[in-house]
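# Summary of the model geometry
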Amino acid sequence: MSTNEPGAHGATSRLWTVVVPALFTAALLWFIWTQRATLAEAFSAPPADVALVAVLFAVAHFINSSEFWLLYTATTGTHLRPLENWMLFSAGQLANHLPAQAGTLYRFRYMRAVHGVSYAHSAAVHAANLVVTIAGAAVAGLAGVAGTVLLSRGPIPVVMLIVFLCMGASAVALALVPLPSLPLLAGRPARTWETFHAGYEQVRKRPKVGLLVVALEALKYAVTAWRLQVAFSLIAIHQPFWFFLVLAPAVGVASFIAFTPAAIGFREAFLSGAAMAMGLDITSGMLGATIDRAVMLATFAVLGGFGFLITYPRLRAAGTADA
């Protein structure tokens, strides 16, 4: 069995030093080429407005990455630095344009090789962040509904109100009810579930950390709402901030639960559906979502490129040392 180890290490080395970078480069070139018409349309708008959309996206992106930094540092004690975490998050988001959540797997691999965090614990952190995403979306969405009705004197968006109330109730239930221990499992599945269970429970039993992360998630949606307001204004759709605070959670939730690479198509459908529930026609919703996507793609290319430049050498060095 030991004779197979050098070959296995060689295959793993080739995978992470040759195949993975080539795939990421090809993916970057592919999505820029396929979205060239959308990018051209977006960048024909006033440069200052396009730049503002990009900056707001970067700010929301940093806030989102900070949630994972808090969850990792609170539950593992790892010395993950905020900038390192942002660059890892950026690289992962760019790589998620590949199938099978390649970017998430890259982040799991990095945390395992560089910081010693197990795959199961990383999965637990992501599961906890899903609860945070639902809770933050409910908080921001309900604030948007209240602002739309009370401050903008608009009609009550009944559909969105029901959606956000259900999301809030689901998040509270997930936060309060412990996961089952699954004693019937044995062997490796049992050990994996035990690690996942322990990581998730660590987050659940830290309500202050949880509330802080939910507050960050709600803040992310506020920034996203401002970004959507600017993006939609490029196609002459002008609505109050509260209107877009109702739409913003659709972007975050769709991005988290999407089954398509980088939520392409999935995210636009969610945003268009929320826009229709708020009274816009589907064409306007799709146009606004497309322009927002175009600027997002360009921003991802820059942030994700820097992310790989910073994180991949560390991952490679950690893999070499481990071998």
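Provided above is the structure to which this section pertains.
Here we summarise the structure given alongside this text. (Residues numbered from 1 in each chain as written. Predicted model: local features only at pLDDT ≥ 70, side-chain atom pairs only at ≥ 80, totals over all residues. Heavy atoms only, no water.)

### Quick look at the environment of Met 111
- As for its placement among the helices and strands, Met 111 is situated in helix H5 (residues 102-115).
- The class of Met 111 is buried, set by a relative accessible area of 1%.
- Other than its neighbours up to four places away in sequence, Met 111 contacts Tyr 72, Leu 80, Leu 88, Gly 116, Val 117 and Ser 122. (Helix = DSSP H or I, 4+ residues; strand = E, 2+ residues; numbered from the N terminus. Buried < 20%, exposed > 50% of the residue type's maximum accessible area, 1.4 Å probe, protein only. Contact = heavy atoms within 4.5 Å.)

### Description of the packing of helix H3 (residues 47-76) against helix H6 (residues 119-150)
- Following both chains from N to C, one finds H3 and H6 inclined at 130°, their axes separated by 10 Å at the closest point. In terms of orientation, H3 and H6 fall into the oblique class. Crossing of H3 over H6 shows right-handed handedness. Where H3 abuts H6, its residues Glu 67, Phe 68, Leu 71, Tyr 72, Thr 75 and Thr 76 lie against His 121, Ser 122, Val 125, His 126, Asn 129 and Val 132.
- Among the residues making up the contact of H3 with H6, the classes are represented as five nonpolar, six polar and one charged. (Axes fitted to C-alpha atoms, helices over the stretch in contact; angles between N-to-C directions. Parallel < 35°, antiparallel > 145°, perpendicular 65-115°, else oblique. Left-handed = near helix turned anticlockwise from the far one by under 90°. Nonpolar A, V, L, I, M, F, W, Y, C, P; charged D, E, K, R; others polar.)

### Structural notes on the side chain of Thr 224
- Relative to the helices and strands, Thr 224 is located in helix H9 (residues 207-233).
- A polar contact of 2.8 Å, which involves the side chain of Thr 224, links it to the backbone oxygen of Lys 220.
- With residues near it in sequence (within four places) discarded, Thr 224 still touches Ala 60 and Ala 248. (Polar contact = N/O pair within 3.5 Å; in protein donor to acceptor, adjacent residues only side chain to side chain.)

### Some details on the nonpolar core
- Core analysis: the largest hydrophobic core is formed by 61 residues, its most contacted members being Leu 228 and Leu 247.
- Considering each element in turn, this core owes the most residues, 11 residues, to H6.
- With near-sequence residues (within four places) excluded, Leu 228 lies in contact with Phe 244, Leu 247, Ala 248, Val 251, Leu 271 and Asp 292.
- Core analysis: the second largest hydrophobic core is formed by five residues, Val 53, Val 230, Ala 231 and Val 295 among them. (Core = buried A, V, L, I, M, F, W, Y, C linked by side-chain atoms within 4.5 Å.)

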